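One-letter residues, chain by chain:
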Amino acid sequence: MKYRKLCDEKVSILGFGAMRLPTKGDKTSEINIKQTEIMFDHALANGINYIDTAYPYHGGESENVVGNYLTRRHIRDDIFLASKLPSWLIKEKKDFDKYFNEQLDKLKTDHIDFYLLHSLNENTWQKIKGLGVLDWCEKKQAEGKIKHLGFSFHDQYPIFKKIIDSYDKWGFCQIQFNYMDIDFQAGQKGLEYAHKKGLDIIVMEPIRGGQLAKEPPLEIKKIWNQFPIKRSYADGALQWIWNRKDVSIVLSGMSELRHVKENIESANRSKVGSLKAEESDLYLQIRKIFLKRAPINCTSCKYCEPCPQGVAISSCLNFYMMSEIYDDKKRASMFYHFLKEEYRADKCIQCGECEPKCPQKIPIMRSLENTHKLLAKKL
Ligand SMILES: NC(=O)c1ccc[n+]([C@@H]2O[C@H](COP(=O)([O-])OP(=O)(O)OC[C@H]3O[C@@H](n4cnc5c(N)ncnc54)[C@H](OP(=O)(O)O)[C@@H]3O)[C@@H](O)[C@H]2O)c1
């Protein structure tokens, strides 16, 4: 295994994301504990020393499973444990302690090495900042219950920048980043800004939750197969990130032992600056081909929002694009169903207020109709 510095700790460049652990079947999120422990054993025996979990993963079970595993194996002190404050559940100040203490109980530990304010966006950030989350975190740090503080993020770059600029003691941030998402959410601009401001970077969704490891469209398959350097699709996506020196750790949510083995081998082969220019160009070409498949060109700027009916326009359009670009209706419809019913595309009454505001001139009303037609059925 190779290691890099994260807040001055020596972490494996591949971290284990405990959000996609093997389950007891396709239709349940209930964790297959035996299989998970085999995968953890293999990961740790091969040098992985970082596990990332969170309050909601696997319906709240992930923290428990990780905590039980570390306790049973007596290895809590050998592992950097990351978990996250469920920012969207916080209603009042005392909720900080309520969730944190519950997490310590589930994780069977007295401290969390890397604690993140989970999935910050404009609303959650304003809310928890107003409730004094930073003072609360600093108190926990002084008590030794939180070692390093950071946040994870899924909103737009200007908000990312605002969060970074509003506090000068962040240790790190966790962002979605892969060769498709260069301009999406925080994106490459955000990564470089955070790094410049002294935050260390954790990358999540390096394989875009599995979408970049699937059999791609024929046009991509052709150029991939003709390329002289032979890799698996997953390996390519991971190497593209490890090539950068400003990323401390890449988290992958491995859900089979085969993923753990393959990704550890990838990590061992990786090196900063090792991708040749031709290979970097290959990923740009693939990206272009994927993006050409998008039925619309929504950049999530959200100029169209707020919708008077409350439709989460930009989220809906993104799930529509995801379904078409990656031919992955199942995952897109899963995300669509995470949206509360009142925010879904079928709540559009075609008032048309959104369309003149769209810089990309997207036929939003028609696209929302298509979104619902495509994704309303849960797969
Ligand atoms: N803080 C946040 O808001 C947030 C959000 C997202 C993620 N995260 C964290 O970041 C971690 C990483 O994100 P992610 O899980 O989306 O990572 P990812 O590596 O992009 O996606 C994991 C998926 O990729 C596929 N995969 C992984 N290795 C593979 C291989 N060698 N060959 C083929 N397929 C492979 C599997 O998909 P299949 O099972 O479909 O084959 C696996 O479930 C998460 O587990 C979680 O801990 C945090």
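Scroll up to find the structure this text is about.
Please read these numbers as outputs of a predicted model, since none were measured by experiment. (Residues numbered from 1 in each chain as written. Predicted model: local features only at pLDDT ≥ 70, side-chain atom pairs only at ≥ 80, totals over all residues. Heavy atoms only, no water.)

Enquirer: Explanation requested: unusual backbone geometry in the structure shown.
Expert: For residues that are not glycine, phi is negative in most cases, and the peptide bond is trans in most cases. A cis amide bond links E305 to the next residue, P306, at an omega of 0°. With respect to the element layout, P306 can be found in the loop between α11 (277–292) and α12 (313–325). (Helix = DSSP H or I, 4+ residues; strand = E, 2+ residues; numbered from the N terminus.)

Enquirer: How should the sheet that holds strand β7 (residues 146–153) be read in this particular structure?
Expert: Within a sheet, neighbouring strands are paired by backbone hydrogen bonds and run either parallel or antiparallel to one another. Spatially, 8 strands are ordered β3-β4-β5-β6-β7-β8-β9-β10 in a closed barrel, and the strand pairing comes out parallel. Each strand of the sheet is rotated relative to its neighbour by a mean of 30°, with strand direction disregarded. (Pairing = 2+ DSSP bridges. Axes fitted to C-alpha atoms, helices over the stretch in contact; angles between N-to-C directions.)

Enquirer: Can you walk me through the packing of aromatic side chains in this structure?
Expert: One pair of aromatic rings is described through two measures. These are the centre distance and the angle between the planes. Within the structure shown, the criterion is met by 24 aromatic pairs. On the numbers, 5.7 Å between centres and 50° between planes, the contact of W125 with W170 is tilted. One end of the pair, W125, is in helix α4 (residues 122–130); the other, W170, is in the loop between α6 (157–165) and β8 (172–176), with 45 residues separating them in the sequence. Note on accessibility: W125 and W170 belong to one class, buried. Aromatic ring contacts, followed pair by pair, group W125, F151, F153, F160, Y167 and W170 into a single cluster. Sitting over the face of the ring of Y3, K10 holds its NZ or CZ atom 5.0 Å from the ring centroid. Above the face of the Y55 ring, K106 is positioned so that its terminal group lies 4.8 Å from the ring centre. (Phe/Tyr/Trp six-rings, centres within 6.5 Å; stacked < 30°, edge-to-face > 60°. Buried < 20%, exposed > 50% of the residue type's maximum accessible area, 1.4 Å probe, protein only. Lys NZ or Arg CZ within 6 Å of the ring centre and 35° of its normal.)

Enquirer: Which parts of the structure should I look at to understand the pattern of salt bridges?
Expert: Two side chains with opposite charge may pair up if their charged atoms get near one another. All chains considered together, the criterion is met by 29 salt bridges. A salt bridge links R287 to D183, with the shortest nitrogen-to-oxygen separation between them at 3.5 Å. One end of the pair, R287, is in helix α11; the other, D183, is in the loop between β8 and α7 (187–196), and 104 residues separate them in sequence. For R287, a relative accessible area of 16% translates into the label buried. Given the relative accessible area of 64%, D183 is considered exposed. The network of salt bridges with common partners includes D97, K139, K140 and E143. (Salt bridge = Lys/Arg side-chain N within 4 Å of Asp/Glu carboxyl O.)

Everything listed here is a matter of geometry and, on its own, says nothing about what the molecule does.
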